[in-house]
Amino acid sequence: MVRKAVYKFYKDQLIQDARSKSTLEFMDLDALNLDSPAKCLMNPDPTETDVTRSRTFLRLLTGTYIFQATQARFNQYPVDPTCQLCRTEPEDMVHFLATCPVLDVARQRHQAELRTICPDLSLMTAGNPKIFCQLLLCPSKLCPEGKQRPGGDTLQGIYFINRRFIHSLHVQRNKFL
């Protein structure tokens, strides 16, 4: 009984704090379970490569991946927030994951692969960069209230594809910089 009360207190406190952080906007806090690993990290057979992919994925999910716009906002010296790849707009998470024209080819390949696993989710994101980012970082949050979220194997497959895609964007970005 005491353990449940303490668990509930800390979980509620954590969720309240997390909701106040704009960097965690894509995280599904309602599905937070402190007793088990996050669904986005579950992998039945993790390889060293997948651990590396997960690190990049988690930096994006938690808002700790450094973009030009982030550097411009927090640097004591003037930094241009414009994307170093396309030079068309400020580089932030949505631009990097969904709109940077230099990364379009990789994005189209990913969307085609994702459509094979979950056609409904990939159709929902068409033309909406923010929803596409949500699909990449935490697809379970996209399911409307009362509708069943993607199940174990489907969700695991989506997260695996997304981790691989996000890491490939990261590698491409670093090649150009």
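Scoring rules and cut-offs
Residues numbered from 1 in each chain as written. Predicted model: local features only at pLDDT ≥ 70, side-chain atom pairs only at ≥ 80, totals over all residues. Heavy atoms only, no water. Helix = DSSP H or I, 4+ residues; strand = E, 2+ residues; numbered from the N terminus. Buried < 20%, exposed > 50% of the residue type's maximum accessible area, 1.4 Å probe, protein only. Contact = heavy atoms within 4.5 Å. Expected span 1.5 Å × (residues − 1). Arc of directions from axis to C-beta. Phe/Tyr/Trp six-rings, centres within 6.5 Å; stacked < 30°, edge-to-face > 60°. Lys NZ or Arg CZ within 6 Å of the ring centre and 35° of its normal. Core = buried A, V, L, I, M, F, W, Y, C linked by side-chain atoms within 4.5 Å. Patch = residues over 30% accessible without salt bridge, like charges linked within 9 Å, V, L, I, M, F, W, Y side chains within 5 Å. Areas by Shrake-Rupley, 256 points an atom, 1.4 Å probe, with all protein chains shown as cover. Salt bridge = Lys/Arg side-chain N within 4 Å of Asp/Glu carboxyl O. Axes fitted to C-alpha atoms, helices over the stretch in contact; angles between N-to-C directions. Left-handed = near helix turned anticlockwise from the far one by under 90°.

### A closer look at the overall build of the protein chain
Here comes step 1: For the protein chain, the count of helices and strands is eight helices and zero strands.
Here comes step 2: Listing each helix as α and each strand as β along the protein chain from the N terminus yields α-α-α-α-α-α-α-α.
Here comes step 3: Put simply, the protein chain has 177 residues, and 38% of those count as buried.
Here comes step 4: Sequence-distant contacts, at least 24 apart, represent 59% of the contacts inside the protein chain between residues at least 6 apart.

### Examining helix H5 (residues 104-117)
Here comes step 1: Compared with the 20 Å implied by 1.5 Å per residue over 14 residues, the 20 Å span of H5 between its first and last C-alpha is a close match.
Here comes step 2: Inspection of H5 places Ala106, Arg107, His110 and Leu114 among the buried residues, and these make up the whole buried set. Burial along H5 is one-sided: seen end-on, the buried residues are contained in an arc of 95°. Opposite its buried face, H5 presents the exposed residues Val105, Gln108, Arg109 and Thr116, each directed more than 90 degrees away.

### What to know about the packing of aromatic side chains
Here comes step 1: Within this structure, the stated rule accounts for six aromatic pairs.
Here comes step 2: Geometrically, the ring pair formed by Tyr65 and Phe96 is stacked, given 5.5 Å between the ring centres and 20° between the ring planes. Placement of the pair is Tyr65 in the loop between helix H2 (48-61) and helix H3 (68-74) and Phe96 in helix H4 (residues 93-99), with a sequence separation of 31 residues. We note that Tyr65, like Phe96, is buried.
Here comes step 3: Site record: aromatic cluster; members linked through ring pairs are Tyr65, Phe67 and Phe96.
Here comes step 4: The residue whose ring lies beneath Arg173 is Phe96, and the NZ or CZ to ring-centre distance is 6.0 Å.

### Re the nonpolar core
Here comes step 1: Counting 32 residues, the largest nonpolar core has Leu60, Phe96, Leu97, Leu137 and Ile166 as its most contacted members.
Here comes step 2: When residues of this core are traced back to their parent elements, those giving at least two are helix H1 (2-19), H2, H4, helix H7 (129-137) and helix H8 (152-176).
Here comes step 3: Counting residues per element, this core draws most heavily on H8, which supplies five residues.
Here comes step 4: Beyond its immediate sequence surroundings of up to four residues, Leu97 is in contact with Leu60, Arg107, Phe132, Cys133, Leu136, Leu137, Phe165, Ile166 and Leu169.

### Points about a nonpolar patch on the surface
Here comes step 1: A grouping of Val2, Val6, Phe9, Tyr10, Leu14 and Leu34 is seen on the molecular surface, where their side chains present a nonpolar patch of about 600 Å² in accessible area.
Here comes step 2: Assignment of secondary structure puts Val2 in helix H1.
Here comes step 3: Given a relative accessible area of 63%, Val2 falls into the exposed group.

### Quick look at the packing of H5 against H7
Here comes step 1: H7 packs onto H5 with a crossing angle of 65° between their chain directions and a minimal axis gap of 13 Å. Classified by chirality, the crossing of H7 by H5 is left-handed. Contact residues: H5 offers Arg107, His110, Gln111 and Leu114, while H7 offers Phe132, Leu135 and Leu136.

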